[in-house]
Structure formats: structure tokens, C-alpha cells
Amino acid sequence: AQRVTQPEKLLSVFKGAPVELKCNYSYSGSPELFWYVQYSRQRLQLLLRHISRESIKGFTADLNKGETSFHLKKPFAQEEDSAMYYCALGGNTGFQKLVFGTGTRLLVSP
Amino acid sequence: GAGVSQTPSNKVTEKGKYVELRCDPISGHTALYWYRQSLGQGPEFLIYFQGTGAADDSGLPNDRFFAVRPEGSVSTLKIQRTERGDSAVYLCASSLTQSSLRSNTGELFFGEGSRLTVL
């Protein structure tokens, strides 16, 4: 069965500090991993996906199949990064059944 | 253009009543998804449409839940005999095509959700 674990409900850091939001997954097939973000009073939106290997708003995430992880990182957090972050897993049979983690709220204080 | 539109944004109903939630996807998006998000949880897959047909409804919790997309655009999620446990935010998302998810974007576009409260 597909499962996504985000162990931290809340991550609180100061502006300029490094950030790492943890995500671990369980899936027997070839995974497709995503990070979605929801800013205050906004809709859920895609932040990045592992297959693109890109950096969005300074965030990066590397898929580590050995550790079954897809942690989201940013070297210097900004106040505008404060939001709810969801890790999501899709399988190689299609992405319609994205399985989401429970989310981590990132709070960046000045 | 406009994003995914969901109505109503809030719905309060009594246990046992019937509820309809509407989703208007982005124009031209052939794939449409319904998710449910309970308090403190991530979105949970309910059903996926490709065009007019439900390609995968394995996430619907029971036969009280039903969804349609008769013309391949607007979709309605219908809940019969509502229960308190149905209280959640119901999210709709759309994308260009299923195959486009394997392209460089791989993006689902979500609506703002319909918050359902069953008293």
C-alpha cells in the first residue's frame, strides 16, 4: 500500500535559518513524489516534483530511494515561506491517486 | 483565466440530508479529481474522471457518495443521508490530461474547496 509520512506537524524557525521538512514514503513500485504548498487563505498548489529536479522559491527536494525519503530543503528561510506543506506520492500507474501526507506547518519568524 | 471553481464554499446541513457540491474545472482540462480533507489530515483521493467517465472511483467511502460529470466539464459530488463523519473540506482539482501528468509540469490545479459541516 502507498503511504506518506510527515513526522512533524509544526516546524518553527527564524528567518534566515535552514529548513528541512521531512517526508518518507512506502511504495513497492516506482514512485513519483511531489511537494504541494498551501499559503494562508490560498488554494493548494504544486511546489515541485522530483522528476523535474528543479529549485522553486529556493526549495529543493531529492528523492532518496534507499531511505525512501523526499525531504524538502531550503538553506535560508523567509517569512513568506510560512505555509502548510504536503508531501504527495503517485505511482507509475498514474497520478490520479496521489496519496498525501498529513502535512507540516512551517512557521518562519522574523 | 479563472482557476478551478467550487460551490458552495461553505455548507452546513443536518444529519440525514442530501448534499450536492459542484466543481467547475479549468477550461480545457479533461481530467478532474475529487479529494476529501478532514481536520488535521492531508487530502484523501475520492474519484477521478477522464472526460465524462469515472476512471477510478475506488476512493469513494461508501454508496452514499456519488459523482457525475455528464458533459465532461462541470462535476457534481453528491452525498446522500449525510453523517457527522462526512464533515470535511471537499477539494476538486483538474489537469490537462492524465498523460500530461508525466510531462514537465505534472500539476493538479486545486479549487478552494467546499467546507461541509454535518450537524
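Residues numbered from 1 in each chain as written. Chains lettered and ligands numbered in written order. Predicted model: local features only at pLDDT ≥ 70, side-chain atom pairs only at ≥ 80, totals over all residues. Heavy atoms only, no water.

**Looking at the sheet that holds strand β8 (residues 75-79) of chain B**
Residues and elements named next belong to chain B.
Next up, step 1: If you walk across this open sheet you meet the four strands as β1-β3-β8-β7, and the pairing is antiparallel. Because the sheet does not close on itself, it has two edges, and the strands there are β1 (5-7) and β7 (65-68). Averaged over all neighbouring strand pairs, the angle between strand axes comes to 15°, with direction disregarded. (Pairing = 2+ DSSP bridges. Helix = DSSP H or I, 4+ residues; strand = E, 2+ residues; numbered from the N terminus. Axes fitted to C-alpha atoms, helices over the stretch in contact; angles between N-to-C directions.)

**Focus: the pairing of strand β5 (residues 44-50) of chain B**
Residue and element names in this part refer to chain B.
Next up, step 1: Among the seven residues in β5, five count as buried, and that is most of the element.
Next up, step 2: Where strand β4 (residues 31-37) lies against β5, six bridges are found, and the strand directions are antiparallel. In the sheet register, W34 faces β5, and the bridge partner there is I47.
Next up, step 3: Summarising the sheet, β5 and strand β6 (residues 53-56) pair through three bridges and their orientation is antiparallel. Looking at β6, one finds that F49 is bridged to A54.
Next up, step 4: Between β5 and the antiparallel strand that follows it, β6, lie two residues; G51 among them carries a positive phi value of about 70°. (Buried < 20%, exposed > 50% of the residue type's maximum accessible area, 1.4 Å probe, protein only.)

**Some points on the layout of surface pockets**
Next up, step 1: Quantified by volume, the largest pocket comes out at close to 770 Å³.
Next up, step 2: Lining the largest pocket are 31 residues; nearest its centre among them are Q38(A), Y86(A), Q37(B), V89(B) and R115(B).
Next up, step 3: Going through the elements one at a time, β9 (83-91) of chain A together with β9 (88-95) and β11 (114-118) of chain B are the ones with two or more residues in the lining of the largest pocket.
Next up, step 4: Take the lining of the largest pocket: its biggest share by element is four residues, from β11(B).
Next up, step 5: Looking at the lining of the largest pocket residue by residue, the class counts come to nine nonpolar, 16 polar and six charged. (1 Å grid on protein atoms, 1.4 Å probe; cavity = no way out; pocket = protein on both sides within 12 Å on 5 of 7 lines; lining within 4 Å. Points joined across faces, edges and corners; volume = space filled by probe spheres on them. Nonpolar A, V, L, I, M, F, W, Y, C, P; charged D, E, K, R; others polar.)

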